[in-house]
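# Structural description and commentary
So the chains spell out like this:
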Number of protein chains: 2
Amino acid sequence: MALPRSPLAPAEFPQLPQIDGLRFASAAAGVKYKDRTDVMLAVMDPGTTVAGVFTRSATRSAPVRDCQDKLAAATDAASDTGAAILVNSGNSNAFTGHHGQTSVAEITSAVAAATGITADRVFTASTGVIGEPLPHDRIIAKIDALNSGLSGDAIADAAEAIMTTDTFPKGAKAEVEIDGKTVSIAGIAKGSGMVAPDMATMLVYIFTDAKVARSSLQEMLSEICDRTFNCITVDSDTSTSDSLMLCATGASAVDATGNTAFAAALEEVMLDLSHQVVRDGEGATKFVEIQISGAASDTDAKVHGLAIANSPLVKTAIAGEDPNWGRVVMAIGKSGAAADRDLLSISFGDVLVAEKGWVAPSYKEELGAAEMKKQEITIKVDLGLGDGTATVWTCDLTHQYITINADYRS
Amino acid sequence: MALPRSPLAPAEFPQLPQIDGLRFASAAAGVKYKDRTDVMLAVMDPGTTVAGVFTRSATRSAPVRDCQDKLAAATDAASDTGAAILVNSGNSNAFTGHHGQTSVAEITSAVAAATGITADRVFTASTGVIGEPLPHDRIIAKIDALNSGLSGDAIADAAEAIMTTDTFPKGAKAEVEIDGKTVSIAGIAKGSGMVAPDMATMLVYIFTDAKVARSSLQEMLSEICDRTFNCITVDSDTSTSDSLMLCATGASAVDATGNTAFAAALEEVMLDLSHQVVRDGEGATKFVEIQISGAASDTDAKVHGLAIANSPLVKTAIAGEDPNWGRVVMAIGKSGAAADRDLLSISFGDVLVAEKGWVAPSYKEELGAAEMKKQEITIKVDLGLGDGTATVWTCDLTHQYITINADYRS
């Protein structure tokens, strides 16, 4: 099924910087799709530190469990051998019993043999249909060709190879100056459905030539993830496979351990990629930012924001360009977090819609309707209770979502 | 917007028994709709005990707060004056500021004046659009006519008057023999969207001529609600208005306080009405029962069941008649309740689909596909962990849901 490119997609894939110490290759292994690439290999030089955040699903896939085990067991000495990441699309290798673990072991062994990187530093991910055995022989048959085709200039092809129902490849970059030297960050992502927060919710790989100590790398990744990938939702469903990894090759010899400018640049890349995932939400025609303030706590603010972002009635109202703020009130009410009807206020863009427990005296339906006609919509809610804030992002719920998911076996 | 009658609707409205000590009247007050009834009044004789369960929404409506206050303050002597219930459709009187409380006070005073029942025994409910002032004068103008038109034989008309986006009126009944005498139960309900569990999720009124002590009536209602109305979901959204009330007129002089046969008959009525609400789910074409067993606890079982029932990806797969059990695995994984991939099994109807962490050896896609073609679908999940069980009910998610909610201002 060829889906049209999302109307919310950026104009083009960005020109990503080459990251020293990092090379990519892609191939068409025929895992499921025909006539397109479906495997990518990333290989990093010795000295690379690796961090990861993964789905918390109780039925998470064999590759996810393998990555988690390897990162949990890693020591600072682990980076001596470099690292590799192999990703396939078309089959998620999830809920495939012991066969799933065998596939992961076979693939990582083959990558280790070809690249000379020890198997405990070879990470894999699989995305696509659940419950069908991964034809790992087809992937293994391509590993030598992948390894001999590695190039520092092939990240855009890698972003294409990991797509499933995505309608555009996703990339983002940043540069940051530290001690007069420039380090680069480049990231790619895939994801468009089965996307919800509270875990890594898609496949995301971010690379930098900065040198960052392992524990600092993990700390930055986890913390920024809570404000970026854990604040987006397309359909409230959570994949069994999704993974976010951050790799620092250290090839620039610039130490960014604990560096706040580096963390800010990383957050910029992660926010950009997370928004691109929402912009490719299945059937999305509107990009929606929900800003919550005045909540009893930041946690409460996020609960309210996600209740609004996940409400089918709010999302269909947005699809219909209906300024139906009553549904926003409903979503706040059901969220379970603290709210007082008479203290909360709601705005669409800069139009104050409701305050003091009722529609604002200045509000006119045509003002709200004009906001709803925009392609980028902001909903602001002030609970009037405290200092808690959160911003979450989502898209609308359209006929196209139903078409994609009622007819396509993902 | 005239919606076609749900394909899952029962053939006809049941012939409900007259409940001694209870009379109804309906009228067209023009609250919002034209050319249809939109107000119903139920009046009960002295001796009637009343119990209620209401939405837990933090932004619940003025009528809900009023009912809760009155029931909380009620004593056993309260029933001496009888009781009345007035319901309007077309406007929910929710998020209408202090105006909302004024409307409730004006309506209850008018009903009290007309019927001679004290205002603290007059309960109201409103259902329809949120955030618009209730034109209570239009309702009050009809109260004398309603009061003089009360009849023991008018419950079917009452079921029609409380409808909003419902495509059919909902009624259910039961009879139970206690000490050689027969008591009757009759109930009506409305609800089709903004329906989710964990609270009373629509308007439901159930009446019996049995005599039941107030505390016993409330206990039975709350307990059975957890297994019926709190186990259904259409779209995971929760109304600000919804209310479930149970009134026992005692006119039969048969005491059913703490009677298990009575409780069983009441459960039958509540289950029937709750299923009818799912069958009228906006856009529903499939009625889905999800049976969970082997969970670590009953609570965990319900969490798993509702995660499956609320998953947009599961619900769209059902709409597309796709036996996509991978999405069931995903929903179990994301629910947050305990699950072990290698212990769980999944069946569609009597077809074993997955077990021991993978597709069952006996499973064939055409077997699952045949189950999915049915109008009534059963999904069974055994977690293999303990004794916890739950059954929940939902419907599919179709284009018609999007059409109704993207185009209709509810």
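Residues numbered from 1 in each chain as written. Chains lettered and ligands numbered in written order. Predicted model: local features only at pLDDT ≥ 70, side-chain atom pairs only at ≥ 80, totals over all residues. Heavy atoms only, no water.

Under an unreviewed UniProt entry, the name given to chain A is Arginine biosynthesis bifunctional protein ArgJ, and the source organism is Phaeobacter italicus. In its Sequence similarities (unreviewed entry) section, the UniProt entry covering chain A states "Belongs to the ArgJ family." Taken verbatim from the UniProt record of chain A, the Function (unreviewed entry) comment is "Catalyzes two activities which are involved in the cyclic version of arginine biosynthesis: the synthesis of N-acetylglutamate from glutamate and acetyl-CoA as the acetyl donor, and of ornithine by transacetylation between N(2)-acetylornithine and glutamate." (UniProt positions renumbered as here; feature names shortened; annotations may be inferred.)

Okay, the relation of the copies chain B and chain A next. The transformation that overlays chain B on chain A combines an axial shift of 0.0 Å with a rotation of 180 degrees, and the residual RMSD is 0.0 Å. Here the symmetry operator amounts to a two-fold rotation axis. Proximity to the rotation axis, assessed at the C-alpha, singles out H399 of chain B in chain B; its C-alpha lies 2.8 Å from the axis. (Least-squares fit on C-alpha atoms with pLDDT ≥ 70 in both.)

In this structure the tally under the stated criterion is four aromatic pairs over all chains. Aromatic side chains F24 of chain A and F207 of chain A sit 5.3 Å apart centroid to centroid with 85 degrees between the ring planes, which places their arrangement in the edge-to-face category. Of the two residues, F24 of chain A is situated in strand β1 (residues 22–27) and F207 of chain A in strand β8 (residues 203–208); the sequence distance between them amounts to 183 residues. Judged by relative accessible area, which is 1%, F24 of chain A ranks as buried. Take F207 of chain A: its relative accessible area is 0%, and that puts it in the buried class. Seen in terms of ring centroids, F95 of chain A and W325 of chain B are 5.6 Å apart; in terms of plane orientation they differ by 65 degrees. Their pairing is edge-to-face. Here the residue F95 of chain A occupies a position in the loop between β4 (83–91) and α2 (97–115), and W325 of chain B occupies one in helix α10 (residues 325–334), the pair thus bridging two chains. The same class applies to F95 of chain A as to W325 of chain B, namely buried. When the ring centre of F287 of chain B is taken as origin, the NZ or CZ atom of R279 of chain B, which lies over that ring, is 4.1 Å away. (Phe/Tyr/Trp six-rings, centres within 6.5 Å; stacked < 30°, edge-to-face > 60°. Helix = DSSP H or I, 4+ residues; strand = E, 2+ residues; numbered from the N terminus. Buried < 20%, exposed > 50% of the residue type's maximum accessible area, 1.4 Å probe, protein only. Lys NZ or Arg CZ within 6 Å of the ring centre and 35° of its normal.)

Residue and element names in this part refer to chain A. Overall, mixed pairing links the four strands, which are arranged β1-β2-β4-β5 in an open sheet. Strand pairing shows two members of the sheet lacking a second neighbour, β1 and β5 (122–129), which therefore form its edges. Strand-to-strand twist in this sheet, taken as the mean axis angle between neighbours without regard to direction, amounts to 10 degrees. Here six bridges tie β1 to strand β2 (residues 39–44), and the two strands are oriented antiparallel to one another. (Pairing = 2+ DSSP bridges. Axes fitted to C-alpha atoms, helices over the stretch in contact; angles between N-to-C directions.)

Attention shifts here to the pattern of salt bridges. All told, the structure shown has 25 salt bridges over all chains when counted by the stated rule. With a shortest N-O distance of 2.7 Å, K170 of chain A and D166 of chain A are connected by a salt bridge. K374 of chain A serves as the salt-bridge partner of E371 of chain A, at 3.0 Å between the closest nitrogen and oxygen. Taking the relative accessible area as the measure of exposure, E371 of chain A reaches 14% and is therefore buried. Within the structure, one salt-bridge network assembled from shared partners comprises D166, K170, K190 and D280 of chain B. (Salt bridge = Lys/Arg side-chain N within 4 Å of Asp/Glu carboxyl O.)

On to the interface of chain B and chain A, then. Contact with chain B, which involves 57 residues of that partner, is made by 56 residues of chain A. Where chain B abuts chain A, roughly 5100 Å² becomes buried across the two surfaces, and 58% of that area is made up of carbon and sulfur atoms. Linking chain B with chain A are zero salt bridges. Linking chain B with chain A are 15 residue pairs in polar contact (both at pLDDT 80 or more). (Contact = heavy atoms within 4.5 Å. Buried area = accessible area lost by both parts, 1.4 Å probe. Polar contact = N/O pair within 3.5 Å; in protein donor to acceptor, adjacent residues only side chain to side chain.)

Two strands in a sheet stick together by hydrogen bonds in their backbones, pointing the same way (parallel) or opposite ways (antiparallel). All names here are of chain B. On the basis of which strands lie adjacent, the open sheet formed by five strands has the order β3-β10-β8-β7-β6 and mixed pairing. The open sheet has two free edges, formed respectively by β3 (49–54) and β6 (170–178), since each of these has just one partner strand. Strand-to-strand twist across the sheet, computed as the mean angle between neighbouring axes with direction ignored, equals 15 degrees. Where strand β7 (residues 181–190) lies against strand β8 (residues 203–208), six bridges are found, and the strand directions are antiparallel. Note that in β8 the partner of G187 across the bridge is I206. Strand contacts of helix α1 (residues 62–73): β3 and β10 (243–248), with the helix running at about 135 degrees to β3, the strand carrying the most contacts. Helix α7 (residues 260–279) contacts β6, β7, β8 and β10 of the sheet and is inclined by roughly 170 degrees relative to β6.

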